[in-house]
Amino acid sequence: MLPEKEQQRIIEQPEQLIEAIQQLVVRGAPAIGVAAAYGLCLAIRGCKDIDTVRSRFREALPALRSARPTAVNLQHMVDRMADLESSAECEHLDGAALKERLLSEARAIDEQDQQCCQAIGESGASLIADGATVLTHCNAGALATAGTGTALSVLYEAWKQGKRFQVLAGETRPLLQGSRLTAWELHKNGIPVEVICDGAAGSFFYNGEIDVVITGSDRVAANGDAANKIGTYTIASLAKAHQVPFYIAAPSTSFDLSIASGDEIPIEQRSADEIWSPTSQQQPPEGIGHRNPAFDVTPASHIAGWITEVGILHPPFEEIRR
Ligand code: MRU
(Lines give C-alpha, C1' and ligand atoms only; values in the text may rest on other atoms or scores of the structure.)
Protein backbone atom coordinates (compact mmCIF):
# COMPACT_ATOMS: atom_id res chain seq x y z
CA MET A 1 0.00 0.00 0.00
CA LEU A 2 2.98 2.28 0.44
CA PRO A 3 3.60 5.07 -0.16
CA GLU A 4 -0.11 6.09 -0.17
CA LYS A 5 -1.10 4.17 2.94
CA GLU A 6 0.72 2.72 5.91
CA GLN A 7 -1.18 -0.17 7.45
CA GLN A 8 -0.25 -3.09 9.69
CA ARG A 9 -1.59 -6.57 9.04
CA ILE A 10 -2.04 -8.86 12.02
CA ILE A 11 -1.12 -12.44 11.17
CA GLU A 12 -2.55 -15.17 13.43
CA GLN A 13 -2.15 -18.36 11.41
CA PRO A 14 0.77 -19.80 9.43
CA GLU A 15 -1.48 -20.01 6.33
CA GLN A 16 -2.06 -16.25 6.54
CA LEU A 17 1.67 -15.72 6.81
CA ILE A 18 2.35 -17.87 3.74
CA GLU A 19 -0.19 -15.80 1.81
CA ALA A 20 1.39 -12.58 3.09
CA ILE A 21 4.84 -13.77 2.01
CA GLN A 22 3.58 -14.77 -1.44
CA GLN A 23 1.75 -11.46 -1.90
CA LEU A 24 4.86 -9.55 -0.71
CA VAL A 25 3.09 -8.07 2.31
CA VAL A 26 6.19 -9.35 4.08
CA ARG A 27 9.08 -9.28 1.64
CA GLY A 28 12.84 -8.96 1.46
CA ALA A 29 15.10 -11.93 2.18
CA PRO A 30 15.86 -11.35 5.89
CA ALA A 31 12.30 -10.26 6.74
CA ILE A 32 10.70 -13.40 5.34
CA GLY A 33 13.20 -15.56 7.26
CA VAL A 34 12.36 -13.86 10.55
CA ALA A 35 8.62 -13.95 9.80
CA ALA A 36 8.76 -17.68 9.04
CA ALA A 37 10.37 -18.39 12.41
CA TYR A 38 7.46 -16.63 14.12
CA GLY A 39 5.05 -18.41 11.74
CA LEU A 40 6.17 -21.75 13.16
CA CYS A 41 5.33 -20.44 16.64
CA LEU A 42 1.87 -19.45 15.39
CA ALA A 43 1.36 -23.02 14.15
CA ILE A 44 1.64 -24.37 17.73
CA ARG A 45 0.07 -21.48 19.61
CA GLY A 46 -3.09 -23.21 20.81
CA CYS A 47 -1.51 -26.64 21.38
CA LYS A 48 -0.99 -28.09 24.85
CA ASP A 49 0.35 -31.65 24.93
CA ILE A 50 3.81 -32.37 23.59
CA ASP A 51 2.69 -34.74 20.83
CA THR A 52 0.33 -32.15 19.34
CA VAL A 53 2.97 -29.42 19.62
CA ARG A 54 5.51 -31.55 17.79
CA SER A 55 3.15 -32.80 15.09
CA ARG A 56 1.65 -29.37 14.34
CA PHE A 57 5.12 -27.85 14.25
CA ARG A 58 6.44 -30.50 11.85
CA GLU A 59 3.34 -30.25 9.64
CA ALA A 60 3.88 -26.50 9.24
CA LEU A 61 7.52 -26.78 8.11
CA PRO A 62 7.29 -27.68 4.38
CA ALA A 63 4.74 -25.05 3.32
CA LEU A 64 6.52 -22.23 5.15
CA ARG A 65 9.93 -23.32 3.89
CA SER A 66 8.77 -23.24 0.28
CA ALA A 67 6.57 -20.14 0.39
CA ARG A 68 9.07 -18.39 -1.91
CA PRO A 69 12.02 -20.11 -3.57
CA THR A 70 14.84 -17.62 -4.15
CA ALA A 71 15.74 -16.02 -0.79
CA VAL A 72 17.69 -18.62 1.17
CA ASN A 73 17.03 -16.91 4.53
CA LEU A 74 13.57 -18.48 4.54
CA GLN A 75 14.98 -22.00 4.29
CA HIS A 76 17.81 -21.27 6.72
CA MET A 77 15.51 -19.95 9.43
CA VAL A 78 12.92 -22.71 9.04
CA ASP A 79 15.74 -25.28 9.20
CA ARG A 80 17.19 -23.61 12.30
CA MET A 81 13.82 -23.88 14.06
CA ALA A 82 13.39 -27.50 12.88
CA ASP A 83 16.89 -28.46 14.08
CA LEU A 84 16.13 -27.01 17.49
CA GLU A 85 12.82 -28.84 17.82
CA SER A 86 14.49 -32.17 17.09
CA SER A 87 17.64 -31.48 19.14
CA ALA A 88 18.76 -33.25 22.31
CA GLU A 89 18.16 -29.96 24.14
CA CYS A 90 14.42 -30.20 23.46
CA GLU A 91 14.06 -33.97 23.74
CA HIS A 92 12.55 -34.08 27.23
CA LEU A 93 10.56 -30.83 27.25
CA ASP A 94 6.81 -30.81 27.83
CA GLY A 95 4.47 -28.98 25.43
CA ALA A 96 4.56 -25.61 27.20
CA ALA A 97 8.32 -25.63 27.64
CA LEU A 98 8.95 -26.56 24.00
CA LYS A 99 6.64 -23.79 22.81
CA GLU A 100 8.47 -21.32 25.03
CA ARG A 101 11.87 -22.48 23.77
CA LEU A 102 10.83 -22.20 20.12
CA LEU A 103 9.43 -18.72 20.67
CA SER A 104 12.66 -17.63 22.33
CA GLU A 105 14.55 -18.94 19.27
CA ALA A 106 12.32 -16.93 16.91
CA ARG A 107 13.00 -13.86 19.05
CA ALA A 108 16.73 -14.57 18.90
CA ILE A 109 16.52 -14.83 15.07
CA ASP A 110 14.71 -11.49 15.02
CA GLU A 111 17.27 -9.81 17.30
CA GLN A 112 20.22 -11.27 15.42
CA ASP A 113 18.87 -9.88 12.17
CA GLN A 114 18.56 -6.43 13.76
CA GLN A 115 22.16 -6.66 14.97
CA CYS A 116 23.33 -7.84 11.53
CA CYS A 117 21.72 -4.81 9.90
CA GLN A 118 23.55 -2.47 12.25
CA ALA A 119 26.87 -4.28 11.71
CA ILE A 120 26.43 -4.30 7.91
CA GLY A 121 25.94 -0.54 8.05
CA GLU A 122 29.15 -0.15 10.04
CA SER A 123 31.05 -2.49 7.67
CA GLY A 124 30.05 -0.56 4.57
CA ALA A 125 29.76 3.10 5.61
CA SER A 126 33.37 3.87 4.58
CA LEU A 127 32.45 3.05 0.96
CA ILE A 128 30.23 6.14 0.76
CA ALA A 129 32.21 9.29 0.04
CA ASP A 130 31.02 12.73 1.02
CA GLY A 131 29.15 14.22 -1.95
CA ALA A 132 28.70 10.85 -3.69
CA THR A 133 25.72 9.72 -5.72
CA VAL A 134 24.68 6.20 -4.81
CA LEU A 135 22.44 4.00 -6.95
CA THR A 136 20.38 1.27 -5.29
CA HIS A 137 17.77 -1.11 -6.67
CA CYS A 138 14.66 -2.70 -5.17
CA ASN A 139 14.35 -2.23 -1.39
CA ALA A 140 16.98 -3.52 0.96
CA GLY A 141 15.96 -1.38 3.90
CA ALA A 142 13.92 -1.57 7.08
CA LEU A 143 10.99 -2.83 4.99
CA ALA A 144 13.03 -5.89 4.01
CA THR A 145 14.59 -6.86 7.34
CA ALA A 146 13.89 -6.89 11.06
CA GLY A 147 16.29 -3.96 11.51
CA THR A 148 17.43 -0.98 9.44
CA GLY A 149 18.19 -2.95 6.30
CA THR A 150 21.25 -4.15 4.42
CA ALA A 151 22.10 -1.80 1.52
CA LEU A 152 20.13 1.01 3.14
CA SER A 153 21.72 0.38 6.51
CA VAL A 154 25.06 1.31 4.90
CA LEU A 155 23.48 4.60 3.81
CA TYR A 156 21.89 5.27 7.22
CA GLU A 157 25.21 4.67 8.96
CA ALA A 158 27.18 6.86 6.52
CA TRP A 159 24.61 9.63 7.01
CA LYS A 160 24.85 9.24 10.80
CA GLN A 161 28.62 9.63 10.50
CA GLY A 162 28.03 13.04 8.92
CA LYS A 163 28.56 12.22 5.25
CA ARG A 164 26.22 13.96 2.85
CA PHE A 165 25.29 12.28 -0.40
CA GLN A 166 22.32 11.61 -2.64
CA VAL A 167 20.62 8.43 -3.67
CA LEU A 168 19.13 7.36 -6.98
CA ALA A 169 16.47 4.70 -6.41
CA GLY A 170 15.75 2.55 -9.45
CA GLU A 171 11.97 2.19 -9.62
CA THR A 172 12.18 -1.64 -9.89
CA ARG A 173 9.52 -2.78 -12.32
CA PRO A 174 7.14 -4.51 -12.04
CA LEU A 175 6.28 -4.14 -8.34
CA LEU A 176 8.11 -0.85 -7.84
CA GLN A 177 9.90 -1.64 -4.58
CA GLY A 178 12.35 1.17 -5.43
CA SER A 179 9.88 3.98 -6.04
CA ARG A 180 7.28 2.81 -3.53
CA LEU A 181 9.45 1.57 -0.65
CA THR A 182 13.08 2.73 -0.91
CA ALA A 183 12.19 6.31 -1.83
CA TRP A 184 9.61 6.42 0.98
CA GLU A 185 12.05 5.01 3.52
CA LEU A 186 14.98 7.26 2.61
CA HIS A 187 12.82 10.37 2.43
CA LYS A 188 11.35 9.58 5.84
CA ASN A 189 14.90 9.37 7.20
CA GLY A 190 15.96 12.69 5.66
CA ILE A 191 18.27 11.25 2.97
CA PRO A 192 17.90 12.99 -0.42
CA VAL A 193 16.51 10.55 -2.94
CA GLU A 194 15.41 10.72 -6.56
CA VAL A 195 13.55 7.94 -8.33
CA ILE A 196 14.71 6.95 -11.80
CA CYS A 197 13.05 4.60 -14.28
CA ASP A 198 14.90 1.31 -14.56
CA GLY A 199 15.65 2.03 -18.21
CA ALA A 200 17.28 5.37 -17.31
CA ALA A 201 20.16 3.82 -15.35
CA GLY A 202 22.39 3.52 -18.43
CA SER A 203 22.28 7.21 -19.21
CA PHE A 204 23.15 8.14 -15.62
CA PHE A 205 26.21 5.89 -15.80
CA TYR A 206 27.12 7.25 -19.23
CA ASN A 207 26.96 10.80 -17.90
CA GLY A 208 29.26 9.92 -15.01
CA GLU A 209 26.56 10.65 -12.43
CA ILE A 210 26.87 7.46 -10.36
CA ASP A 211 29.80 6.91 -7.98
CA VAL A 212 28.86 3.65 -6.32
CA VAL A 213 26.08 1.03 -6.45
CA ILE A 214 24.87 -0.95 -3.43
CA THR A 215 22.05 -3.49 -3.49
CA GLY A 216 20.90 -6.32 -1.25
CA SER A 217 20.83 -9.98 -2.21
CA ASP A 218 18.43 -12.88 -1.73
CA ARG A 219 21.07 -15.58 -2.02
CA VAL A 220 24.83 -15.51 -2.47
CA ALA A 221 26.48 -18.69 -3.81
CA ALA A 222 29.90 -20.00 -2.71
CA ASN A 223 31.64 -18.35 -5.67
CA GLY A 224 30.02 -14.98 -4.89
CA ASP A 225 27.32 -14.98 -7.59
CA ALA A 226 24.37 -13.12 -6.07
CA ALA A 227 20.66 -13.30 -6.82
CA ASN A 228 18.71 -10.12 -6.31
CA LYS A 229 15.62 -8.37 -7.69
CA ILE A 230 15.25 -8.52 -11.46
CA GLY A 231 17.22 -5.70 -13.07
CA THR A 232 20.17 -5.95 -10.69
CA TYR A 233 22.32 -7.72 -13.27
CA THR A 234 21.60 -4.98 -15.81
CA ILE A 235 22.80 -2.38 -13.31
CA ALA A 236 25.86 -4.43 -12.33
CA SER A 237 26.77 -4.81 -16.02
CA LEU A 238 26.44 -1.07 -16.55
CA ALA A 239 28.54 -0.43 -13.44
CA LYS A 240 31.25 -2.77 -14.72
CA ALA A 241 31.23 -1.15 -18.17
CA HIS A 242 31.67 2.28 -16.57
CA GLN A 243 34.17 1.18 -13.88
CA VAL A 244 31.79 2.08 -11.06
CA PRO A 245 32.06 -0.21 -8.01
CA PHE A 246 29.05 -2.44 -7.43
CA TYR A 247 28.59 -3.89 -3.90
CA ILE A 248 26.23 -6.46 -2.45
CA ALA A 249 25.16 -5.89 1.18
CA ALA A 250 23.80 -9.02 2.86
CA PRO A 251 23.91 -10.83 6.19
CA SER A 252 25.61 -14.24 6.41
CA THR A 253 22.10 -15.76 6.59
CA SER A 254 21.68 -14.85 2.89
CA PHE A 255 24.77 -16.85 1.88
CA ASP A 256 24.22 -20.35 0.55
CA LEU A 257 27.69 -21.86 0.60
CA SER A 258 26.24 -25.28 -0.22
CA ILE A 259 25.84 -24.25 -3.85
CA ALA A 260 28.85 -23.66 -6.08
CA SER A 261 27.46 -20.89 -8.28
CA GLY A 262 24.44 -18.78 -9.11
CA ASP A 263 23.36 -21.34 -11.72
CA GLU A 264 21.92 -23.36 -8.85
CA ILE A 265 19.76 -20.55 -7.45
CA PRO A 266 16.04 -21.13 -8.16
CA ILE A 267 14.50 -18.05 -9.72
CA GLU A 268 10.90 -17.30 -8.76
CA GLN A 269 8.57 -16.75 -11.71
CA ARG A 270 5.60 -14.52 -10.95
CA SER A 271 2.24 -13.73 -12.54
CA ALA A 272 1.56 -11.66 -15.66
CA ASP A 273 -0.80 -9.44 -13.63
CA GLU A 274 2.24 -7.81 -12.03
CA ILE A 275 3.55 -6.71 -15.40
CA TRP A 276 0.29 -5.11 -16.46
CA SER A 277 -1.42 -3.81 -13.37
CA PRO A 278 0.96 -1.55 -11.41
CA THR A 279 0.79 1.21 -14.02
CA SER A 280 -2.47 0.79 -15.87
CA GLN A 281 -4.77 -1.45 -13.84
CA GLN A 282 -5.14 -3.52 -16.99
CA GLN A 283 -5.62 -7.23 -17.16
CA PRO A 284 -3.07 -9.01 -19.34
CA PRO A 285 -4.44 -8.81 -22.92
CA GLU A 286 -5.60 -12.16 -24.24
CA GLY A 287 -3.18 -13.97 -26.52
CA ILE A 288 -0.09 -12.10 -25.33
CA GLY A 289 2.35 -14.18 -23.34
CA HIS A 290 4.53 -13.02 -20.48
CA ARG A 291 7.71 -13.86 -18.67
CA ASN A 292 8.14 -12.36 -15.23
CA PRO A 293 11.22 -13.64 -13.41
CA ALA A 294 11.33 -11.89 -10.02
CA PHE A 295 15.12 -12.18 -9.62
CA ASP A 296 18.31 -12.37 -11.62
CA VAL A 297 21.85 -13.49 -10.84
CA THR A 298 24.79 -11.10 -10.90
CA PRO A 299 28.07 -12.95 -11.46
CA ALA A 300 30.84 -12.50 -8.89
CA SER A 301 33.02 -10.91 -11.58
CA HIS A 302 30.74 -7.84 -11.45
CA ILE A 303 30.86 -7.44 -7.65
CA ALA A 304 33.53 -5.33 -5.92
CA GLY A 305 32.77 -6.64 -2.42
CA TRP A 306 30.18 -8.40 -0.26
CA ILE A 307 29.31 -6.20 2.72
CA THR A 308 28.36 -8.40 5.67
CA GLU A 309 28.02 -8.14 9.44
CA VAL A 310 31.65 -9.30 9.80
CA GLY A 311 33.17 -6.93 7.26
CA ILE A 312 33.57 -6.61 3.50
CA LEU A 313 34.24 -10.15 2.31
CA HIS A 314 35.30 -11.93 -0.88
CA PRO A 315 34.93 -15.54 -2.01
CA PRO A 316 35.51 -18.15 -0.63
CA PHE A 317 33.97 -16.39 2.42
CA GLU A 318 36.06 -18.28 5.01
CA GLU A 319 34.94 -15.79 7.70
CA ILE A 320 31.32 -17.04 7.59
CA ARG A 321 31.77 -20.74 6.86
CA ARG A 322 30.20 -22.82 9.62
O1 MRU B 1 10.53 -9.67 -4.20
P2 MRU B 1 11.13 -8.96 -3.02
O3 MRU B 1 10.61 -7.58 -2.83
O4 MRU B 1 11.07 -9.80 -1.77
O5 MRU B 1 12.67 -8.83 -3.40
C6 MRU B 1 13.55 -8.31 -2.45
C7 MRU B 1 14.92 -8.09 -2.94
O8 MRU B 1 15.27 -8.45 -4.05
C9 MRU B 1 15.89 -7.46 -1.98
O10 MRU B 1 16.81 -6.69 -2.66
C11 MRU B 1 16.61 -8.59 -1.23
O12 MRU B 1 15.68 -9.43 -0.62
C13 MRU B 1 17.54 -8.07 -0.21
S14 MRU B 1 16.62 -7.34 1.11
C15 MRU B 1 17.62 -6.90 2.38
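The residue numbers shown here count from 1 along each chain, following its written sequence. Per-residue local features are limited, in this predicted model, to residues with pLDDT of at least 70; the limit for side-chain atom pairs, both in listing and counting, is 80 or more; totals at the level of whole chains, interfaces and linings are taken over all residues. Just so you know, side-chain values use all the structure's heavy atoms and leave hydrogens and water out.

Asker: An account of the overall build of the protein is requested, with residue identities and associated values reported.
Answerer: Only runs of H or I of at least four residues qualify as helices and only runs of E of at least two qualify as strands under DSSP, and these elements are numbered from the N terminus. Helices and strands together make up the secondary structure of the protein, namely 10 helices and 11 strands. For the protein, the C-alpha radius of gyration of 20 Å lies close to 20 Å, the compact-globule estimate for 322 residues. Along the longest, intermediate and shortest principal axes, the C-alpha atoms of the protein span 65 × 50 × 40 Å. The burial tally for the protein puts 53% of its 322 residues in the buried class. Looking at the protein alone, contacts between residues at least 24 apart form 78% of all its contacts between residues at least 6 apart. All accessible areas in this document rest on Shrake-Rupley with a 1.4 Å probe, and a residue is counted as covered only by the protein chains that are shown. Entry remark: accessible area of the protein is about 14500 Å², with carbon and sulfur atoms responsible for 50%. In the protein, 27 positive and 41 negative side-chain charges are present, and the distance between their average locations comes to 3 Å. Throughout, the radius of gyration refers to the C-alpha atoms, and the reference size of a globule is 2.2 Å times the residue count to the power 0.38. To sort residues, take the accessible area from a 1.4 Å probe on protein chains only and compare it with the maximum for the residue type: under 20% means buried, over 50% means exposed, and anything in between is partly exposed. Contacts are residue-level and defined by heavy atoms, with any inter-residue pair within 4.5 Å sufficient. By the counting scheme adopted, Arg and Lys are positive, Glu and Asp are negative, and His together with the chain ends is not counted. Here the site of a charge means atom NZ of a Lys, CZ of an Arg, CG of an Asp or CD of a Glu.

Asker: I'd like to hear about helix α2 (residues 29-43), residue by residue, with values.
Answerer: Helix span, as expected, comes to 1.5 Å for every residue beyond the first. Along its 15 residues, α2 runs 21 Å from first to last C-alpha, staying within 8% of the 21 Å computed at 1.5 Å per residue. Most of α2 sits out of view: 14 of its 15 residues are buried.

Asker: How would you sum up the pattern of salt bridges? Please name residues and give values.
Answerer: Salt bridges, as used here, are contacts in which a Lys or Arg side-chain nitrogen is within 4 Å of a carboxyl oxygen on Asp or Glu. Taken as a whole and assessed by the stated rule, the structure comprises 12 salt bridges. Glu89 is the partner of Arg101 in a salt bridge, and the nearest nitrogen-oxygen pair spans 2.5 Å. Taken as a pair, Arg101 in helix α5 (residues 95-124) and Glu89 in the loop between α4 (72-85) and α5 lie far apart in primary sequence, 12 residues in all. One salt bridge connects Glu274 with Arg270, and the closest N-O pair in it is separated by 2.7 Å. Pair check on accessibility: Glu274 and Arg270 agree, each one buried. Via salt bridges that share partners, Arg68, Glu268, Arg270 and Glu274 belong to a single interconnected network.

Asker: Go over the side chain of Thr150, please, and point to the residues and values.
Answerer: Relative to the helices and strands, Thr150 resides in the loop between β1 (133-136) and α6 (151-160). With relative accessibility at 5%, the residue Thr150 sits in the buried group. Setting aside residues no more than four positions away along its own chain, Thr150 makes contact with Ile120, Ala140, Thr145, Gly216, Ala249, Ala250 and Pro251.

Asker: Could you give an account of the environment of Pro293, naming the residues involved and the relevant values?
Answerer: Relative to the assigned elements, Pro293 resides in the loop between α10 (273-280) and β9 (295-298). Separated by 26 residues in sequence, Pro293 and Ile267 place their C-alpha atoms 6.6 Å apart. Residues in contact with Pro293, not counting those within four places in the same chain, are Ile230, Ile267, Glu268 and Gln269.

Asker: Describe the environment of Gln13, and please don't skip the residues or the numbers.
Answerer: Take Gln13: it is sitting in the segment before α1 (14-22). Each C-alpha atom, one on Gln13 and one on Cys41, is 9.4 Å from the other, the two residues being 28 residues apart in sequence.

Asker: If you had to explain the domain arrangement of the protein to someone new, which residues and values would you point to?
Answerer: Partitioning the protein into domains gives domain 1 (14-119) and domain 2 (121-321). Spacing between the C-alpha centres of domain 1 and domain 2 amounts to 26 Å. Counting residues at the interface gives 25 residues for domain 1, matched by 36 residues for domain 2. Buried area counts how much accessible surface, traced with a 1.4 Å probe, disappears from two parts once they are put together, with both parts' losses summed. Buried area between domain 1 and domain 2, summed over both chains or domains, comes out near 2200 Å², and the portion from carbon and sulfur atoms is 50%. The largest contributions to the domain 1 side of the interface with domain 2 come from Arg27, Thr70 and Cys117, which together make up 29% of the buried area. The tally of links between domain 1 and domain 2 comes to one salt bridge. With a shortest N-O distance of 2.9 Å, Arg68 and Glu268 are connected by a salt bridge. Where a domain begins and ends is set by an automatic assignment or by a domain database.

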